[in-house]
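# Geometric and topological summary
As a plain string of letters, each chain reads:
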Amino acid sequence: MHISSKYCFSLLLCSAVAVSAFAQQADTTQQSAAGTQVVRTMDDLRERILLDRIEQLEKRLADLEGRTASAQPAPGQSASTSAPAAQEPAPATPPAQAPAATPAPEPTPPTWSVGPIDFTGLVDGYYSFNFNHPSTQLNQLYNFDVKANQFSLNMAKLTLAHSPDPVGFQVDLGFGRAFEIIHANEPSTAPSFLRNIEQAYLSLKPAKAKGFEVDFGQFVTSAGAEVIETNSNWNYSRSLLFAFAIPYYHFGIRTSFPVGKYFTGGVQLVNGWNNVEDNNSGKTVGLTGTFTTKKFAWSNNYYGGPENPNTNTGWRHLFDTNLLLTPNSKVNAYINFDYGQNRSGLGTASTLAKWYGIAGALHIQPNSKWGFTPRLEWFKDRDGFTTGLPQDLKEVTLTGEYKMIEGLLARLEYRRDWSNQPFFQRGSTVNGITGFGTSKNQDTLSLGVLAFFGPKR
């Protein structure tokens, strides 16, 4: 409780007046009874009582002022917290009350980690209208987007990858029409789950090896100008060269190593073409080399080995070269040439099949939303080894792309294919060659929509 100095002074004055009045009354009575000596004694008593009372009131006043001062907070401090004395050290804690020492934490065993894992996903669907209205509902000579006049799923896939540091890996899992086509040549004895794997390999890149890297497992081929994932290509459909001139994937070992500033070489030893389980005991050798600058990249790839089923007799050879031109961010182009041959049989009964072709595409990107890509191609399957019929093929494709938002794009594409043979089916009519049609051309209009995510898009 706060008591002001004015209140204490008033209390002191009233007490003095009351004592004085009491003293006067007592003095009058004593004078009449005892005379002058008694009066002096009473005066001394009154004076002593008054001084004692004043002394008590002063002590009470000093005590009240001290309590009031200690209860008020210092400037800049809350009322519930008092600032400690600045110069008075805190009293030492008696030894008996000292807190017990906290035991040191036990050392945590080291945790092994391969580092972050990148997740990438892709969903690719389309609708393709075939002007021939084939009864098979198939776009002939197409790759992946083969279903005609209907909505279809090209692929849905998920990728888990960790860049080698020095150990890494990559696994591509998925399903859809593309995965069925990729594994169409896999031996029937192979496990069924392999048909849902595009790639699955381990990587080793020693820190002191100056860029040398070795991969083991299943990986896509190094040949070709296009890849399996649609969003990484310029057109929606794949070229004839991608579909019929080169393999999709290999299983085995591959290496890559930089030589100088611009060249990267590589050596591969694999089971063969498009098979995890080999179809014979022979192996295929791959040689790769890429020369890269800011304005262009030139890649050359060779694969050679026995690829005929159940025999090591006869070799298959493929030479692939691809020139990618990158003059600026708005205009890019590529030219791709492939030559392949396969020998089968022995002696005079042996046959040699050949196929070769060339393709070119121009990619125009006026802004971040729109892109346009025309593609021209010529392919000769001299012996019908890859398409099933000896023929000369040509195709022209016009693709328009619109990126709606990051990770979502649509492509509208018109494509026309020609053959010098009645290869394409029109309606339900077929000629005498089972499985082939009566038309020498095929026109399609397709709309594809792609959604994808990942750290690199």
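To be clear, the structure that these remarks concern was listed above.
Report follows, based on the coordinates. Nothing here was measured: the structure is a model prediction, and the numbers come from that model. Throughout this description, residue numbers start from 1 for each chain and increase along the sequence as written. Since the coordinates come from a predicted model, pLDDT governs what is reported: local features require at least 70, and pairs of side-chain atoms require 80 or more to be given and counted, while whole-chain, interface and lining totals use all residues. Side-chain numbers here rest on the full set of heavy atoms in the structure, without hydrogens or water.

### A short note on the overall build of the chain
Rules: Labels follow the DSSP assignment, with helices taken as runs of H or I lasting at least four residues and strands as runs of E lasting at least two, numbered in each case from the N terminus. For the exposure calls, accessible area comes from a 1.4 Å probe over protein chains only, and a residue counts as buried if that area is under 20% of its type's maximum, exposed if over 50%, partly exposed in between. Working rule for contacts: check all heavy atoms of both residues, and any pair within 4.5 Å makes them a contact. Here the Shrake-Rupley method, with its probe set to 1.4 Å, supplies the accessible areas, and only the displayed protein chains count as covering residues.
Looking only at helices and strands, the chain features 4 helices and 16 strands. Across the 457 residues that make up the chain, the buried fraction comes to 37%. For the chain, the share of sequence-separated contacts (at least 6 apart) that also reach a separation of at least 24 residues comes to 55%. Of the roughly 25800 Å² that the chain leaves accessible, carbon and sulfur atoms contribute 63%.

### Concerning the nonpolar core
Proteins that are soluble and globular tend to have nonpolar side chains buried together. Condition: Residue types Ala, Val, Leu, Ile, Met, Phe, Trp, Tyr and Cys, when buried and joined through side-chain atoms within 4.5 Å, form a set referred to as a nonpolar core.
Membership of the largest hydrophobic core comes to 37 residues, with the highest contact counts inside it found for Leu 141, Phe 144 and Phe 379. Where this core is concerned, the elements lending two or more residues are β1 (118–130), α3 (177–182), α4 (240–244), β12 (351–364) and β16 (441–453). The leading source of residues in this core is α4, at 5 residues. Apart from the residues lying within four places of it in its own chain, the contact partners of Phe 379 are Leu 240, Leu 241, Phe 244, Ala 245, Trp 355, Tyr 356, Gly 357, Thr 386, Thr 387, Gln 391, Asp 392 and Leu 393.

### What to know about the packing of aromatic side chains
Heads up, the rule is: Side-chain rings of Phe, Tyr and Trp, where Trp is taken by its six-membered ring, are said to pair if the distance between their centres is within 6.5 Å; with planes under 30 degrees apart they count as stacked, over 60 as edge-to-face, and otherwise as tilted.
Summed over all chains, the structure comprises 16 aromatic pairs. Aromatic side chains Phe 216 and Phe 251 sit 6.0 Å apart centroid to centroid with 70° between the ring planes, which places their arrangement in the edge-to-face category. With Phe 216 in strand β5 (residues 213–220) and Phe 251 in strand β6 (residues 249–259), this residue pair connects regions lying 35 residues apart in the sequence. Ring centres of Tyr 262 and Phe 291 lie 5.9 Å apart, and the angle between their planes is 40°; on these two criteria the pair is classed as tilted. Placement of Tyr 262 in the loop between β6 and β7 (263–270) and of Phe 291 in strand β8 (residues 284–292) is noted, with a sequence separation of 29 residues between them. A relative accessible area of 39% places Tyr 262 in the partly exposed class.

### Here we look at the pattern of salt bridges
The condition that has to hold: Throughout this description, the term salt bridge denotes a Lys or Arg side-chain nitrogen within 4 Å of a carboxyl oxygen of Asp or Glu.
Taken as a whole and judged by the stated rule, the model has 14 salt bridges. Salt-bridge contacts for Arg 254 lead to Asp 215; the nearest nitrogen and oxygen are separated by 2.9 Å. Note that Arg 254 is positioned in strand β6 and Asp 215 in strand β5, a separation of 39 residues in sequence. There is no split in this pair, since Arg 254 and Asp 215 are both buried.

### Side note on the environment of Leu 160
Its location among the elements puts Leu 160 in strand β2 (residues 150–162). The class for Leu 160 is partly exposed, based on a relative accessible area of 23%. Measuring from C-alpha to C-alpha, the distance between Leu 160 and Thr 120 comes to 6.7 Å, with 40 residues separating the pair along the chain. Not counting residues up to four positions away in its chain, the partners in contact with Leu 160 are Ile 117, Asp 118, Phe 119, Phe 169, Gln 170 and Val 171.

### Concerning the environment of Glu 395
What counts is decided by this rule: Any pair of N or O atoms that falls within 3.5 Å is considered a polar contact. Within protein, one atom must be able to donate a hydrogen and the other to accept it, and sequence-neighbouring residues count only if both atoms are side-chain atoms.
Mapped onto the elements of the fold, Glu 395 is located in strand β14 (residues 391–405). On the accessibility criterion, Glu 395 (1% relative accessible area) is buried. Not counting residues up to four positions away in its chain, the partners in contact with Glu 395 are Ser 239, Leu 240, Arg 375, Leu 376, Glu 377, Arg 415, Arg 416, Asp 417 and Trp 418. Among the polar contacts listed, one links the side chain of Glu 395 to the side chain of Arg 375, at a separation of 2.9 Å.

### Let's talk about the side chain of His 162
Secondary-structure assignment places His 162 in strand β2. Overall, the relative accessible area of 5% leaves His 162 in the buried class. Side chain to side chain, His 162 and Asp 165 meet in a polar contact 2.9 Å long.

### Digging into the environment of Lys 394
Counting through the fold element by element, Lys 394 comes out in strand β14. On the accessibility criterion, Lys 394 (45% relative accessible area) is partly exposed. In this structure the C-alpha to C-alpha distance between Lys 394 and Leu 376, which are 18 residues apart in sequence, comes to 7.7 Å. If we skip the residues at most four places from it in the chain, Lys 394 touches Glu 377, Trp 378, Arg 416, Asp 417 and Trp 418.

### Regarding the side chain of His 183
Relative to the assigned elements, His 183 resides in the loop between α3 and β4 (197–204). Beyond its immediate sequence surroundings of up to four residues, His 183 is in contact with Leu 194, Arg 195, Ile 197, Gln 218 and Tyr 249.

### Examining the pairing of β6
Under the convention used in this document: Here the rule is simple: two strands pair whenever DSSP picks up at least two bridges between them.
Pairing of β5 with β6, which is carried by 8 bridges, proceeds in the antiparallel orientation. In the sheet register, Asp 215 faces β6, and the bridge partner there is Arg 254. Strand direction decides the pairing type here: β6 and β7, joined by 6 bridges, are antiparallel. The residue bridging Gly 252 from the neighbouring strand is Val 270, located in β7. Connecting the antiparallel pair β6 and β7 is a turn made up of 3 residues, with Gly 260 showing a positive phi of about 75°.

### Thoughts on the pairing of β4
Examined bridge by bridge, strand β3 (residues 167–175) and β4 share 7 bridges and lie antiparallel to one another. Bridge pairing in β4 places Leu 173 opposite Ile 197. Pairing between β4 and β5: 5 bridges, direction antiparallel. Residue pairing for β5: Leu 204 is matched across the bridge by Val 214.

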